[in-house]
Structure formats: structure tokens, C-alpha cells
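Summary of structural features
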Amino acid sequence: QAKGRNILYLTAGNTWQKGPLLAYVDVMYSREGLDTHGIITDLQGEILESPVTAQNTEYFTLIGNVDYRIHPNWNVYVKGAYQTAGVYETNGLFEKGLYRTTWNLQGCVEYYPMRNSELKIFGHLLHKGHKLTDRAKALGAVSPDTQRISFGLVYTIPVF
């Protein structure tokens, strides 16, 4: 990255499958000399004349997912995620401490009408919420909560 600005990543995960049930959990922690994720850097609002890249950031992420194949042509899943974003050592505008907590919840129903799963038709619900601390609000950050309902299809063209 840059001289004296290193990254430490610690990750772990596990998948479990039994019959039509598939579940997994992923955990990630990163400690970054420069904010490569950009989440804390992006909290700087329009009130700042010359935004800077945050340094000494740390992130913790936990993701869980459960898929259940209720029929060979039908799949449902729920997925959740939790993330914290903070600074471990004060630098410039960025004081030491937590800046943002995010959680995400998704649910989906998928239909595979073709035998080889080339076509998928789906309905998907998403809610992503953010809780900003006073440190983030002082930088001019706003809470970009998101809710979305999607319907669509994916077709994979068989090449071989």
C-alpha cells in the first residue's frame, strides 16, 4: 500500500451441508494502515472542503446464510450480516473509536425451471440499516438505509 501502512486480515468460515440444507458463516477482521475498504473515508460529508483518506481503520464483519432446497426446482434462503467500522488510533479528522454499525437482512425465493439450472427466476427482499455514531455525524455523514424488493431472471448461456 504505502510505506508503514500495512493491512492485517484475519478470516474464518465454515460451511455445513446436509441433504437439502446448506448453511455457512464467515467472520472477518481487518486492521488497515490506510482505509482500503473506504467506508470510514466515505463518511466525510459535504461540509469538509478537502476530504482525506482515513488511516488506522479496523473492520469486523460477520455473515450467516441458510439455503434450503424445498424441491429440485425451488430454493429459498435467508442471509444476515453485521459489520462495525472504527479507527484504532486517532489521525487527522478521525478520532479513535467506533464510527458505524451496519446490519443487513435478505430473503429470497428462487425457481429453476430447467434441469441444469441455466435459468433462474427469483424474488429478493433486502434491508440494510446503518447506525452512525456521533463521531461519524460530526464529519457530516448521513445514514444511507436501504430497502429493496427485486424480481428478475438470470440465464446462463451454455458455452461448452
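Each value, and the rule that gives it
- Residues numbered from 1 in each chain as written.
- Predicted model: local features only at pLDDT ≥ 70, side-chain atom pairs only at ≥ 80, totals over all residues.
- Heavy atoms only, no water.
- Core = buried A, V, L, I, M, F, W, Y, C linked by side-chain atoms within 4.5 Å.
- Buried < 20%, exposed > 50% of the residue type's maximum accessible area, 1.4 Å probe, protein only.
- Contact = heavy atoms within 4.5 Å.
- Phe/Tyr/Trp six-rings, centres within 6.5 Å; stacked < 30°, edge-to-face > 60°.
- Helix = DSSP H or I, 4+ residues; strand = E, 2+ residues; numbered from the N terminus.
- Lys NZ or Arg CZ within 6 Å of the ring centre and 35° of its normal.
- Salt bridge = Lys/Arg side-chain N within 4 Å of Asp/Glu carboxyl O.

Some points on the nonpolar core
Counting 13 residues, the largest nonpolar core has Ile40, Leu43, Phe94, Tyr99 and Ala136 as the members making the most contacts within it. Beyond its immediate stretch of four places on either side in the chain, phenylalanine 94 contacts Ile40, Gln44, Val52, Thr53, Ala54, Val87, Glu89, Tyr99 and Leu139.

With respect to the packing of aromatic side chains
A full pass over the atoms with the stated rule returns 2 aromatic pairs. Centroid distance tryptophan 74 to tyrosine 111: 4.7 Å. Interplanar angle 40 degrees. Geometry classified as tilted. Of this pair, tryptophan 74 sits in strand S4 (residues 74-87) while tyrosine 111 sits in strand S5 (residues 97-111), placing them 37 residues apart in sequence. We classify tryptophan 74 as partly exposed; its relative accessible area is 35%. On the accessibility criterion, tyrosine 111 (28% relative accessible area) is partly exposed. Between arginine 31 and the ring centre of tyrosine 88, over which it is positioned, the NZ or CZ distance is 3.6 Å.

Things to note about the pattern of salt bridges
For the structure on display, the rule yields 2 salt bridges. With its nearest N and O atoms 3.6 Å apart, the salt bridge here joins glutamate 58 to arginine 31. Of this pair, glutamate 58 sits in strand S3 (residues 55-71) while arginine 31 sits in strand S2 (residues 21-34), and the two are 27 residues apart along the sequence. A relative accessible area of 24% places glutamate 58 in the partly exposed class. Looking at arginine 31, the relative accessible area reads 32%, which means it is partly exposed. Across the pair lysine 120 and glutamate 110 runs a salt bridge, and its minimum N-O distance is 3.5 Å. Here lysine 120, found in strand S6 (residues 119-132), pairs with glutamate 110, found in strand S5; they are 10 residues apart in sequence, far enough to count as distant. Residue glutamate 110 is classed as buried on the basis of its relative accessible area, which comes to 7%.

Purely geometric numbers; function is a separate question.
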